[in-house]
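A look at the structure
Residues per chain, in single letters:
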Amino acid sequence: MSDIAGIDLGTTQSLIGVVEAGFPILLADESGSRLTPSAVYFGPEGAEPVVGRNALRRRLAEPSRTVVSIKRLIGRRAGESEETNEMPYPVRPGADGRLGVPMDGRQWSPVEISAEILRHLKAVAERALERPVTRAVITVPAYFNDAQRQATRQAGALAGFTVERILNEPTAAALAFGLDKLASQSKIAIYDLGGGTFDISILELNEGVFQVLATHGDTRLGGDDLDRTLAGWLARQAFPETALGQLPLETQVRLHEAAIQAKHALSFAETTEVQLPFLKGTESFVQTVTRTEFEALARPIVDRTRALCRQALADAGLFPSDLSAAVLVGGSTRIPLVRRTAQEIFGREPDTSQHPDETVALGAVIQAGILAGAMRQVVLLDVTPLSLGMETFGGLMNVILPRNTTIPARAGEMFTNAVAGQNSMRIRVLQGEREMARDNWELGQFEVEFEPGPKASARVGVQFEIDADGILKVLARDTKTNTDRILEITHAAVDVEDARVERMIAESVDHAFEDMTERQRTEANLKAQELLAALDAALPQAGDALDGATRQEIDAAAAEVRAALTGLELARLKSANQRLDLATESLAAILVERAMEAALSRRGVL
């Protein structure tokens, strides 16, 4: 039978996968990422819409042409959605009364925009598999109404899929979670807080049969609300007299993006600093945000999940003590406040063993495989107990396959030479959860040779692949000569004593703050050295093109970077780097202009 893809069509991220050789796998795009941002950019009239990461990059420059969080509008009529005035792009009801996005004289419906995302995922799958993929299972929040479910099915059809099933997201998560619970009867709660929606479902797993006992949720409760609340708070700090919605659109989007980054940082650190250069004309905005401040803002939103969970338990006729596990899925469950809230609701430590972003997609793939006959019985899939990666310049740990990645799995990245004249690269394979390479376990190493040249002239692709037997193969390829080197590490990827895994994870938690600080300091040092080296090379080329004031500012900024390099203050070094970045903008413009003139002259244009 033909492939049936499993798709998680998410508010902020979307994924696609299939069952291959009996195993459910999630497919990566050309950049090696399994996560596709659910964003669509509409260029000038007549241009094809751009989907995913490339669309998201356009958001800061053209927020009104970049559509995000469209899942919150799908299947809704005018007056049914409170977000219409909060979106950075226009939202208007169409002739049928359903909400849509007007763009260059055309009304794009949420179905059509969702179809663009699904069409992109279809292309990702077909490129990876090298064969057509025309059938799909697509997940939706359990609390989606019929109109929203039908609209999702229509989007799939418009993208070229025969939609075999619309699957509830908590059921999909239970399918993924239940792989190692099939031999016994158990009742579990799936607490799913994603970017735009919240679902709570109580399910009974019995010998491979999944029965939904109760479900509840809110299709307008998720990470987007936290982002918007934090962005509003940042706006009040920067512009005390002006509400977020009254600011210029570009300013709103910059604050919103800063809020997202701060939210992510505060899941791992107690404080973070928001820096927005020239937010207020010539004045920059710098604001420290603490986890306590963020949690005070987030608590009213997160607390809305309490009543929904209590109602679902009551509907199922259960007490929290009757549950075998409370499983957290969805990207927003990384937030410490959310995890504490779930623990209070269910009276137990929540199960965070599942990948927050990938669990629903994996369950959709399993369901698709069962429908296609590719998985006649559900089997236990092993996972990587610790992250796998390699050492990069500066002694940092670069993760290629995160902890708890379901195997078989494959992922890779492209690397280049860090210094001029370098003729080889050492691939040092590591396993562990610490930020610095020295604190993780070395599994093996080998050298890849390439032709010496300027800095960043070499291109070495590194791919980590784990097969179903737990054998890790690390392949490194010089893309210029297509010369490969392969290191095979038998069972090191999964055959690790539980005590060692627990000790490594505990150490990563105990040292999380120091590790992150050291990583940031190392990255800031590397950036400073790179800036100074580039400046030393650029100044002679500029000659007398720089005016005295600009040259004076560049010299002062460079001196500050050199002084900061000798100290231990991370904030000072980051600030100095930023100052030098800004000071050299005119220098960079001069060099670019001269390079263009030289190129045109060589071609006889000048």
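Residues numbered from 1 in each chain as written. Predicted model: local features only at pLDDT ≥ 70, side-chain atom pairs only at ≥ 80, totals over all residues. Heavy atoms only, no water.

**A word on the overall build of the protein chain**
- Helix and strand content of the protein chain: 15 helices and 26 strands.
- In the protein chain, which comprises 606 residues, the share counted as buried stands at 50%.
- A fraction of 64% describes how many contacts in the protein chain between residues 6 or more apart in sequence connect residues 24 or more apart. (Helix = DSSP H or I, 4+ residues; strand = E, 2+ residues; numbered from the N terminus. Buried < 20%, exposed > 50% of the residue type's maximum accessible area, 1.4 Å probe, protein only. Contact = heavy atoms within 4.5 Å.)

**Observations concerning the pattern of salt bridges**
- Under the definition given, this model contains 35 salt bridges.
- Salt bridges sharing partners connect three or more residues here, namely D3, E20 and R131. (Salt bridge = Lys/Arg side-chain N within 4 Å of Asp/Glu carboxyl O.)

**With respect to helix 5 (residues 223-238)**
- The first and last C-alpha atoms of helix 5 sit 22 Å apart over 16 residues, in line with the 22 Å expected at 1.5 Å per residue.
- Among the 16 residues that make up helix 5, twelve are buried, leaving the element largely enclosed by the rest of the structure.
- Taken together, the buried positions of helix 5 are occupied by G223, D224, D225, L226, D227, L230, A231, G232, W233, L234, A235 and A238.
- Of the surrounding secondary structure, the elements contacted by the buried residues of helix 5 are helix 6 (249-265), strand 16 (271-280), strand 17 (283-290) and helix 7 (291-302). (Expected span 1.5 Å × (residues − 1).)

**Quick word on the environment of A364**
- Here A364 shows up in helix 10 (residues 359-372).
- By relative accessible area, A364 is classed as buried at 0%.
- Once the C-alpha coordinates of A364 and L15 are considered, the two residues, 349 residues apart in sequence, prove to be 9.9 Å apart.

**Brief notes about helix 8 (residues 304-316)**
- By the burial criterion, the buried members of helix 8 are T305, L308, C309, A312, L313 and A316. The buried residues of helix 8 occupy one face: seen down the axis, they fall within an arc of 135°. For helix 8, exposure combined with an orientation more than 90 degrees from the buried face picks out R310 and A314.
- Phi turns positive, to about 70°, at G317, one or two residues after helix 8. (Arc of directions from axis to C-beta.)

**Things to note about the sheet that holds strand 10 (residues 106-108)**
- Across the sheet, three strands lie side by side as 8-9-10; this open sheet has antiparallel pairing. Here the strands that pair on one side only, and so sit at the sheet edges, are strand 8 (92-93) and strand 10.
- The sheet contact formed by strand 9 (residues 99-103) and strand 10 spans three bridges and is antiparallel. By the bridge assignment for strand 10, M103 is matched with R106. (Pairing = 2+ DSSP bridges.)

**Quick notes on the packing of aromatic side chains**
- Evaluation of the coordinates by the stated rule reveals three aromatic pairs.
- Where F42 meets W108, the ring centres are 4.6 Å apart and the plane angle is 50°; that geometry is what we call tilted. You can see F42 sitting in the loop between strand 5 (39-41) and strand 6 (50-51) and its partner W108 sitting in strand 10, a full 66 residues away along the chain.
- What makes F42 buried here is its relative accessible area of 4%. (Phe/Tyr/Trp six-rings, centres within 6.5 Å; stacked < 30°, edge-to-face > 60°.)

**Digging into the packing of helix 4 (residues 169-177) against helix 10**
- Remark: helix 4 packs on helix 10, axes separated minimally by 7 Å, with the N-to-C direction vectors making an angle of 80°. Between helix 4 and helix 10, the angle falls in the class roughly perpendicular. For the pair helix 4 and helix 10, the contacting residues are E169, A172, A173, L175 and A176 in the first and T359, V360, L362, G363, A364, I366 and Q367 in the second.
- By residue class, the composition of the contact of helix 4 with helix 10 is eight nonpolar, three polar and one charged. (Axes fitted to C-alpha atoms, helices over the stretch in contact; angles between N-to-C directions. Parallel < 35°, antiparallel > 145°, perpendicular 65-115°, else oblique. Nonpolar A, V, L, I, M, F, W, Y, C, P; charged D, E, K, R; others polar.)

**Quick word on the sheet that holds strand 19 (residues 388-392)**
- Pairing is antiparallel in the open sheet, where four strands are placed in the order 20-19-22-23. Pairing within the sheet leaves two strands with one partner each, and these edge strands are strand 20 (396-401) and strand 23 (441-449). For this sheet, the mean angle separating the axes of adjacent strands, direction not counted, is 30°.
- Where strand 19 lies against strand 22 (residues 424-431), three bridges are found, and the strand directions are antiparallel. What sits directly across from M390, in strand 22, is V429.

**Comments concerning the side chain of T171**
- Among the structural elements, T171 can be located in helix 4.
- Apart from the residues within four sequence positions on either side, T171 is in contact with L203 and V212.

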